[in-house]
Amino acid sequence: MSKGIFITMEGPDGSGKSTQIELLKSYLEEEGYDTLITREPGGTAISEAIRGIILNKDFTEMSPMTEMLLYASARAQLIAEVVGPTLEAGKAVISDRFVDSSLVYQGIARGLGIEKVYEVNRLAIGEYMPDVTFLLDLPAEVGISRKKDQKELDRMELESLEFHKKVAEGYREMGRRFPDRITTIDATLPIDEISGLIKESVRAILKV
């Protein structure tokens, strides 16, 4: 294989990304792709350290601009150290969140503006945009309820319900803006049904 495949999974907190990522990894490996899973922010020692700062619930004074720049910094390191080399080696990369999350969380929900956030992140990601992005669409109330049942919440998860509603609607806006790249899926569907829809979409890409 001369070219890798870059797939990102997006959606509000609690939308089931982790489950679908593992199912997709198994499918890609069945199709012969050496597959790497990574996450944002994180995926490298430096990016994970930045993640610890971003999600620390004690840092409530963090400004939207600082937050955006930290995410972009973690993303730049992930691209340089992991995503870029893996794709160049002809392998598959599945990332739990990528640049769309910054456009939604900081650009829309924090009010910095999509264009401003993208311009900063364009420098961070270079040529590496996803081949396809799966958006697991879920009402904010449902997502937060799921997260509260799972574990202690981090700084972003502790935001108000109004903030999370802006995130959910922001993701829908991204799906409308970039329909050729973003495939929106109802995250309230059964797990196996969601997985089937994702596999169907990826299958079409692999045949190109």
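Because the structure is predicted, anything quoted here is derived from the model rather than measured. (Residues numbered from 1 in each chain as written. Predicted model: local features only at pLDDT ≥ 70, side-chain atom pairs only at ≥ 80, totals over all residues. Heavy atoms only, no water.)

Peer 1: Honestly, the packing of aromatic side chains in this entry has me stumped. Any pointers?
Peer 2: Aromatic rings in a pair are described by how distant their centres are and how their planes are angled relative to each other. This model, assessed by the stated rule, comprises three aromatic pairs. Their ring planes at 75° and their centres at 5.0 Å tell us that F6 and F98 sit as a pair that is edge-to-face. You can see F6 sitting in strand β1 (residues 5-10) and its partner F98 sitting in the loop between β3 (92-96) and α4 (99-109), a full 92 residues away along the chain. Relative to Y171, the ring of Y105 lies with its centre 6.3 Å away and its plane at 80°, an arrangement referred to as edge-to-face. Here Y105, found in helix α4, pairs with Y171, found in helix α7 (residues 161-177); they are 66 residues apart in sequence, far enough to count as distant. Judged on exposure class, the residue Y105 and its partner Y171 are both buried. Cluster of aromatic residues (ring-pair linked, three or more members): Y105, F163 and Y171. For the cation-ring pair, R75 lies above F98, with the distance from its terminal atom to the ring centre recorded as 5.7 Å. (Phe/Tyr/Trp six-rings, centres within 6.5 Å; stacked < 30°, edge-to-face > 60°. Helix = DSSP H or I, 4+ residues; strand = E, 2+ residues; numbered from the N terminus. Buried < 20%, exposed > 50% of the residue type's maximum accessible area, 1.4 Å probe, protein only. Lys NZ or Arg CZ within 6 Å of the ring centre and 35° of its normal.)

Peer 1: What is the right way to look at the layout of surface pockets in this model?
Peer 2: To find leftover empty space, a probe the size of one water molecule is rolled over the atoms. Size it by volume and the second largest pocket reaches roughly 170 Å³. Along its surface, the second largest pocket is lined by ten residues, and K3, G4, L87, E88 and Y128 are the ones closest to its centre. Residue composition of the lining of the second largest pocket, grouped by class: four nonpolar, two polar and four charged. (1 Å grid on protein atoms, 1.4 Å probe; cavity = no way out; pocket = protein on both sides within 12 Å on 5 of 7 lines; lining within 4 Å. Points joined across faces, edges and corners; volume = space filled by probe spheres on them. Nonpolar A, V, L, I, M, F, W, Y, C, P; charged D, E, K, R; others polar.)

Peer 1: What is the right way to read the sheet that holds strand β2 (residues 35-39) from this model?
Peer 2: Hydrogen bonding along the main chain pairs the strands of a sheet, whether they run parallel or antiparallel. If you trace the five strands from one edge of the open sheet to the other, you get β2-β3-β1-β4-β5, paired in parallel fashion. The sheet is open, and its two edges are formed by β2 and β5 (182-186), each paired on a single side. Strand-to-strand twist in this sheet, taken as the mean axis angle between neighbours without regard to direction, amounts to 20°. Looking at chain direction, strand β4 (residues 132-137) and β5 are connected through five bridges and run parallel. Bridge pairing in β5 places L135 opposite T184. The strands touched by helix α1 (residues 17-30) are β1, β2, β3 and β4; relative to β3, the strand with the most contacts, the crossing angle is about 175°. (Pairing = 2+ DSSP bridges. Axes fitted to C-alpha atoms, helices over the stretch in contact; angles between N-to-C directions. Contact = heavy atoms within 4.5 Å.)

Peer 1: Help me understand the pairing of β1, please; the structure alone is not making it clear to me.
Peer 2: Burial within β1 is extensive, with six of its six residues counted as buried. The two faces of β1 match: I5, I7 and M9 on one face and F6, T8 and E10 on the other face are all buried. In terms of strand pairing, β1 meets β3 through five bridges, oriented parallel. Within β3, the position partnered with I5 by the bridge is A92.

Peer 1: What is the right way to read unusual backbone geometry from this model?
Peer 2: Glycine aside, the phi torsion of most residues is negative, and most peptide linkages are trans. A cis amide bond links E40 to the next residue, P41, at an omega of -15°. Take P41: it is sitting in the loop between β2 and α2 (45-54). Positive phi values are uncommon outside glycine, yet R97 reaches one of about 80°. Among the structural elements, R97 can be located in the loop between β3 and α4.

Peer 1: Even after reading the chapter, I still don't get empty space enclosed by the protein, so can you show me in this structure?
Peer 2: This model, assessed by the stated rule, comprises one cavity of 30 Å³ or more. Roughly 50 Å³ of internal volume is contained in the largest cavity. Lining of the largest cavity is provided by P12, D13, Y105, L138, P139, A140, G143, I144, H164 and V167. Taken together, the elements giving at least two residues each to the lining of the largest cavity come down to α6 (140-150) and α7. Residues belonging to the lining of the largest cavity are distributed by class as follows: seven nonpolar, two polar and one charged.

Peer 1: Help me understand the nonpolar core in this model?
Peer 2: If you look at soluble globular proteins, the nonpolar side chains tend to sit buried side by side. Counting residues in each nonpolar core, the largest one holds 22 residues, and the members touching the most others are Y105 and V167. Of all the secondary-structure elements, those providing two or more residues to this core are α2, α3 (64-88), α4, α5 (114-125) and α7. Setting aside chain neighbours within four positions, we find V167 in contact with V104, Y105 and A109. Judged by nonpolar contacts, the second largest core, of 19 residues, contains Y33, L138, I198 and V202. (Core = buried A, V, L, I, M, F, W, Y, C linked by side-chain atoms within 4.5 Å.)

These results come straight from atomic positions and should not be treated as a statement about function.
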